[in-house]
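Fold and geometry: a report
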Amino acid sequence: MKETNPSPETSDEMQQKEQFPMPEIPRSASPVPSLTSLHATPGRGPYGDSRYRGNCSGLLIKDLLMYFQPRSVLDPMQGGGTCRDVCRELDIPYTGHDLKSGFNAMNPECFCNLPKFDFVWMHPPYWNMVRYSDDIRCLSNASSVRSWEMRMRHVIRNCASVMSPRGHMAILIGDGKHNGRYLALPFRVLHAAALEGLWLAAPEIIRFSHGATSSRKVYSSKLIPRLHDVCFVLERDRQRSH
Ligand SMILES: C[S@@+](CC[C@H](N)C(=O)[O-])C[C@H]1O[C@@H](n2cnc3c(N)ncnc32)[C@H](O)[C@@H]1O
C-alpha cells in the first residue's frame, strides 16, 4: 500500500481520543481488578530491551502474572527479555530461551531437561512480518503461513509438555496481510492450541497496540486500521472429547 506524508491530527481524531470511556468493570474477587478483556494501558514499562525488534510491552505480562500468581515462568522466545524483567520485579523464578541463543522451541529435545512451569509466556514471530534471523528454524522463516501454523503447533506441544498440572500458557499474537489476504494468525494459533489439547482459561485479551510503528504510517487507500494484538490465556482442556 502506498504511503504518503502524515497530515496533522484532525479535531475529530483529537475528540475521539478524549471521548470514549472504557466499559464499566464488574466487581469481582480478582487480585488485579483492572485486568479485563481489553488491555489498553499505554507504554511498555521498564522491561526488556525496547530496541529489540518486535518487542512487546511488559504491562500485560505483569498483570497476568499478578493475576495467576505462578511459582515459575518459562519464556521460550524471550527476544529482548521483557518477560524476564517483569519476573525479576515480581520475584518469580524465570527461565528464558531464544533461538538466537541456540534453543529451538520446535525441538522436543530442547525441553527434555526443563522442569515444570506454572506459566508459559510466548510471543512468537507474526510469521514473516519481522525477520528475526536467517536461521531456517526461526518461525519468521516458515515458507508459508500453513507451515508457520504447523511450527506453532510443535512449539505449543513442547511448551505444554513442561506445564505443571495447574499451568497456564499465554500467547500474544498479532495479524496482518500477505499478498492482500488476511493471515488470521490469532485464529490459527487458537486452532493449533485446541489440537494440542489446550483451551481458553480466560476471555481473549485485546491488547491495544499503543506506539506501533504501523500507526504512524499514512495510506492513500482506505482501510480499517488494526490497533490491537490478541493474547490467549490457555490451560489444559479437561472437557475435550476424544
Ligand atoms: C516477537 S519476538 C519476542 C520479543 C519479546 N517478547 C520481547 O519483548 O523482546 C519473537 C522471538 O522468537 C524467536 N524465535 C523464532 N523462532 C524460534 C524458535 N524456533 N525457537 C525459539 N525462539 C524462536 C525470535 O528469535 C524472536 O526473538
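What this report covers is the structure whose coordinates are included nearby. (Residues numbered from 1 in each chain as written. Predicted model: local features only at pLDDT ≥ 70, side-chain atom pairs only at ≥ 80, totals over all residues.)

All right, on to the overall build of the chain then. Along its length, the chain carries five helices and 10 strands. Relative to a compact globule of 242 residues, whose C-alpha radius of gyration would be 18 Å, the chain shows 18 Å and is just as compact. For the C-alpha atoms alone, the extent of the chain along its principal axes is close to 55 × 45 × 40 Å. The buried share of the chain, taken over its 242 residues, is 33%. Nonlocal contacts in the chain, meaning residues at least 24 apart in sequence, comprise 68% of its contacts between residues at least 6 apart. (Helix = DSSP H or I, 4+ residues; strand = E, 2+ residues; numbered from the N terminus. Rg over C-alpha atoms; globule rule 2.2 N^0.38 Å. Buried ≥ 20, exposed ≤ 12 C-beta atoms within 10 Å, placed from the backbone. Contact = placed C-beta atoms within 7 Å.)

Before going further, it helps to examine the nonpolar core. Judged by nonpolar contacts, the single largest core of 50 residues is most densely connected at V73, V120, M169, A170, I171 and V189. Of all the elements in the fold, those that place two or more residues in this core are α2 (59–68), β2 (73–75), α3 (82–90), β4 (117–122), α4 (145–161), β5 (163–173), α5 (185–195) and β10 (228–236). Setting aside residues no more than four positions away along its own chain, A170 makes contact with L64, W121, M122, C231, F232 and V233. (Core = buried A, V, L, I, M, F, W, Y, C linked by C-beta atoms within 7 Å.)

A few words on the pairing of β10. Bridge count between β5 and β10: five bridges; the pairing is antiparallel. Note that in β10 the partner of I171 across the bridge is F232. Sheet topology note: the strand β8 (residues 198–200)/β10 ladder contains three bridges and is antiparallel. Looking at the pairing, W199 lines up with E235 of β10. (Pairing = 2+ DSSP bridges.)

Not every one of the 24 residues close to the ligand is listed here, only the nearest: N55, M77, G79, G80 and T82. Among the residues forming the shell around the ligand, the class breakdown is 13 nonpolar, eight polar and three charged. (Near = placed C-beta within 6 Å. Nonpolar A, V, L, I, M, F, W, Y, C, P; charged D, E, K, R; others polar.)

A separate point is the packing of α4 against α5. Two numbers describe how α4 lies on α5: the axes approach to 9 Å, and their chain directions differ by 45°. The orientation of α4 with respect to α5, classified from their angle, is oblique. Crossing geometry of α4 relative to α5 is assigned as right-handed. Contacts from E149, M152, R153 and I156 of α4 reach α5 at R188, V189, A192, A193 and L195. Residues of the contact of α4 with α5, tallied by class, amount to six nonpolar, no polar and three charged. (Axes fitted to C-alpha atoms, helices over the stretch in contact; angles between N-to-C directions. Parallel < 35°, antiparallel > 145°, perpendicular 65-115°, else oblique. Left-handed = near helix turned anticlockwise from the far one by under 90°.)

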